[in-house]
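Each chain is listed here by its residues.
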Amino acid sequence: QVQLVESGGGLVQAGGSLRLSCAASGRTFSTYAMGWFRQAPGKGREFVAVISLSGKTTYYADSVKGRFTISRDNAKNTVYLQMNSLKPEDTAVYYCAADRWGPRSSLPPASDFDSWGQGTQVTVSS
């Protein structure tokens, strides 16, 4: 099992930036892909971004492409989400999650993520 702790959320004005961090412990960090998801009030959890175990491959939801960047530091067991040009519709609780399987050569589907963190609130004011 993987234990995950998110941090870095907060209140920001539209157009601003935030950087989320997710520290992992448990399984060897460099052996599994990591993802970020979010859940807005009254809505289901949605996929945001995923990064391969090496960090060389990433994939984003269309809604954040070009504004958000996922990265990881395997030496620090941490994955990041740099969020720029934030919009009010980005307001949500953001969660990181680990690929339940791994290692693998391809990016995992959203359904293969588990070991969710407690989440960090991001609020974007207009």
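This text goes with the structure placed above it.
Residues numbered from 1 in each chain as written. Predicted model: local features only at pLDDT ≥ 70, side-chain atom pairs only at ≥ 80, totals over all residues. Heavy atoms only, no water.

Caption draft 1: Inspection of unusual backbone geometry at higher detail. One non-glycine residue, S85, lies in positive phi territory at about 50°. Its place among the elements puts S85 in the loop between β8 (78-83) and β9 (92-99). Looking at S85, the relative accessible area reads 42%, which means it is partly exposed. (Helix = DSSP H or I, 4+ residues; strand = E, 2+ residues; numbered from the N terminus. Buried < 20%, exposed > 50% of the residue type's maximum accessible area, 1.4 Å probe, protein only.)

Caption draft 2: The pattern of salt bridges, seen in detail. For the structure shown, the criterion picks out 7 salt bridges. Ionic pairing is found between R38 and D90, a salt bridge with its closest N-O pair at 2.9 Å. One end of the pair, R38, is in strand β4 (residues 34-39); the other, D90, is in the loop between β8 and β9, and 52 residues separate them in sequence. The burial state of R38 is the same as that of D90; both residues are buried. A salt bridge links D62 to K65; its shortest N-O distance comes to 3.1 Å. The exposure class of D62 is exposed, given its relative accessible area of 64%. Judged by relative accessible area, which is 46%, K65 ranks as partly exposed. Each of the salt bridges in this network shares a partner with another, and the network as a whole consists of R38, E46, R67 and D90. (Salt bridge = Lys/Arg side-chain N within 4 Å of Asp/Glu carboxyl O.)

Any functional reading would require information that these geometric values do not contain.
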